[in-house]
Amino acid sequence: MSLADPSRSLEQSRLPVGTATRPTATTVLHEWITTVDHKRVGIMYVLLSLVFLVIGGIEALLMRWQLLAPRSDFLGPDTFNQLFTMHGTTMVYFVGMPILIGIGNYLVPLMIGARDMAFPRLNAFGFWITLFGGLLVYSSYATGGAPAIGWFAYAPLTERTFARSAATDFWALGLIVSGIGSLTAAINFIATILALRAPGMTMRKIPFFVWTMLWTSFQILIAVPPLTAALSMIMLDRQLGAHFFDVQNGGSAYLWQHLFWFFGHPEVYILILPVFGMVSEIIPVFSRKVLFGYEFMAAATLAIAFISLGVWSHHMFCVGMNRTLDLYFAAASLLVSIPTGIKFFNWLATMFGGRIRFQSPMLFVCGFLSLFLIGGLTGIMLAVAPFDFQLSDSYFVVGHFHWVLIGGTLFGTFAGIFYWYPKVTGRMLSERLAKWQFWFLFFGFILTFGPMHVAGFLGMPRRIYTYDADRGWTIWNQLTTLGALVQVPSYAIFVYNVVASLWNGKPAGDDPWNAWTLEWATTSPPPSYNFEEIPTVYSRRPLWDIKHPDDPDWLYE
Ligand code: HEM
Ligand SMILES: [Cu+2]
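Predicted, not measured: the structure shown is a model, and the values here were computed from it.

K.L.:
Explain the coordination of the iron atom of ligand 1 to me, please; I cannot follow it from the model alone.
P.N.:
Put simply, the ideal angle at a metal is 109.5 degrees for four donors in tetrahedral geometry and 90 or 180 degrees for six donors in octahedral geometry. A lone protein donor binds the iron atom of ligand 1: His400 (NE2), at 2.2 Å. The distance between the iron atom of ligand 1 and the copper ion (ligand 2) is 4.5 Å. Here His400 is to be found in helix α14 (residues 395-425).

K.L.:
Mind showing me how you'd approach the environment of Leu382 here?
P.N.:
The residue Leu382 is located in helix α12 (residues 360-383) in this model. The class for Leu382 is buried, based on a relative accessible area of 9%. Each C-alpha atom of the pair Leu382 and Phe396 lies 9.1 Å from the other, and the pair is 14 residues apart in sequence. Setting aside chain neighbours within four positions, we find Leu382 in contact with Phe317, Phe387, Asp388, Leu391, Phe396, Val397 and His400.

K.L.:
Can you walk me through the layout of surface pockets in this structure?
P.N.:
Leftover empty space is mapped by rolling, across the atoms, a probe with the size of a water molecule. Considering only enclosed or pocket space, the second largest pocket measures out at about 340 Å³ in volume. Around the second largest pocket, the lining is made up of 22 residues, and of these Val290, Leu291, Tyr294, Arg540 and Arg541 lie nearest the centre. Put simply, the parts of the chain that give the lining of the second largest pocket at least two residues each are α9 (273-287) and α10 (294-307). For the lining of the second largest pocket, the leading source of residues is α9, giving 4 residues. When its residues are assigned to classes, the lining of the second largest pocket shows 11 nonpolar, 3 polar and 8 charged.

K.L.:
Please clarify how the coordination of the copper ion (ligand 2) should be interpreted in this entry.
P.N.:
Donor atoms from the polypeptide that bind the copper ion (ligand 2) are His265 (ND1), His314 (NE2) and His315 (NE2), placed at 1.9 to 2.1 Å. Positions of the donor residues of the copper ion (ligand 2) along the chain correspond to the pattern H-x48-H-H. The class for His265 is buried, based on a relative accessible area of 5%.

Conventions we followed
- Residues numbered from 1 in each chain as written.
- Chains lettered and ligands numbered in written order.
- Predicted model: local features only at pLDDT ≥ 70, side-chain atom pairs only at ≥ 80, totals over all residues.
- Heavy atoms only, no water.
- Donors = N, O, S within 2.8 Å, 3.2 Å for Na, K, Ca; no water.
- Helix = DSSP H or I, 4+ residues; strand = E, 2+ residues; numbered from the N terminus.
- Buried < 20%, exposed > 50% of the residue type's maximum accessible area, 1.4 Å probe, protein only.
- Contact = heavy atoms within 4.5 Å.
- 1 Å grid on protein atoms, 1.4 Å probe; cavity = no way out; pocket = protein on both sides within 12 Å on 5 of 7 lines; lining within 4 Å.
- Points joined across faces, edges and corners; volume = space filled by probe spheres on them.
- Nonpolar A, V, L, I, M, F, W, Y, C, P; charged D, E, K, R; others polar.

Here it is as structure tokens:
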């Protein structure tokens, strides 16, 4: 280790060469706080999300306990409103986005054979500002209670007249701040992917996950600034007496909905595209086949990213737009299902005839495939405007979006964590615990969110804190709460597995799944510089080529 070695901490570098020091808690902490290594930044993003996942989960459990019985007085209406605001805000901005940005941070440079992200300092900045955004949002509790506006913050709920404490200001500021974090991450991904690919890795040869991160980043770039603008307008209304959303003074609640959903709909694709990418890495490796129809998959990703920028008003059918707009937004939304269907069939075609190994990553992928399909179908139902007139703002919608976000984003993310954990830590996660986790989550999930659809059909509106016994909703709410409780052990098992495997896990080796992309070509965990020598790439499966020089892929591509 030379004095100039950047991995040496400040304390160590003051010592004479050759003096070994045992790292203390302070030096380790110092190293993590000051790091600009994309891998450490990535890990911190993922840990941040997991902490917020637990917080958001507790908020959900409290709400479910309140809804267990009719006319329950476990939580009052104010607390309930605050909880669903914080739950949705937390899950979207501080779990979903950072976990995907974190996984992308860790993997993108490794997958394209780069030594780091294009702008490492900006990268660390993005993480810290996301964290501070989260802290700001939660500081709202210090004002006597969190905001009670919903994650979508419909106007005029956010006006001073209806939200008098500073909680709503904390919320808006926190999201402005964390939005800057998302933007820096997006810029960094785009620059990294366009500029730092290993020699020979043309855009047609990048791993599929990298492709989805690229288009997710463009979506962030297009969707987040309007949200920032809209949040700033809330601040102007509240602090400087502007009237953008102040309906009594000529403002427009409708304007907010357009601005919010112009961000909000692409946001849900920001939360699913990287997952499509992870699934597209895992299925081929566990089916021992190349990804079926790479070009079609790539085009479908682009189509989804592009079309989903133009469908936002399917969240607004009930505000009373005109027929033409209803028709356009319904048709455009239905159009998204075509490229999504292409992806689906290509995943199935990749599996078809393959030698499938049902290890933990593939198990979660199967959960993803079966559940996400159903969530997509309820989405298509809701995109049909007359159907939506009936079920908008009901529990059916709550069922739909949890189905896609948990059945899709979360199951896919777990698949990714089980797949890449060995690379990150050098240890395997326990397969036995993975199975327990999977089945608790799978059945708990169905039990939680299935009955919500029925409650919705029976007319139960979302965002209500209680209901009367004679509505016929009780049993469906009880099933849902029971399902939520069934999910609890699943998360506990996961946390235990992730922590305990750091010590007990089987050593993973460089390439435990016999995979083909470059992250598996280096050690587990990779050194801070990733690759001793940047490899030259000839095909989409560079590691296959290295392992099989007699039968390389580039002969066939
Ligand atoms: C073919 C695919 C999809 C279609 C056609 C679709 C359609 C819709 C429609 C029409 C609504 C509005 C319902 C209402 O409020 O009345 C909605 C709500 C929602 N969808 Fe989807 N969806 C699809 C896939 C997804 C995916 C993949 C995600 C996320 C991963 C998602 C997340 C959401 C969320 C979060 C909401 C509720 C937002 C809120 O009101 O709080 N959807 N969807
Ligand atoms: Cu939407």
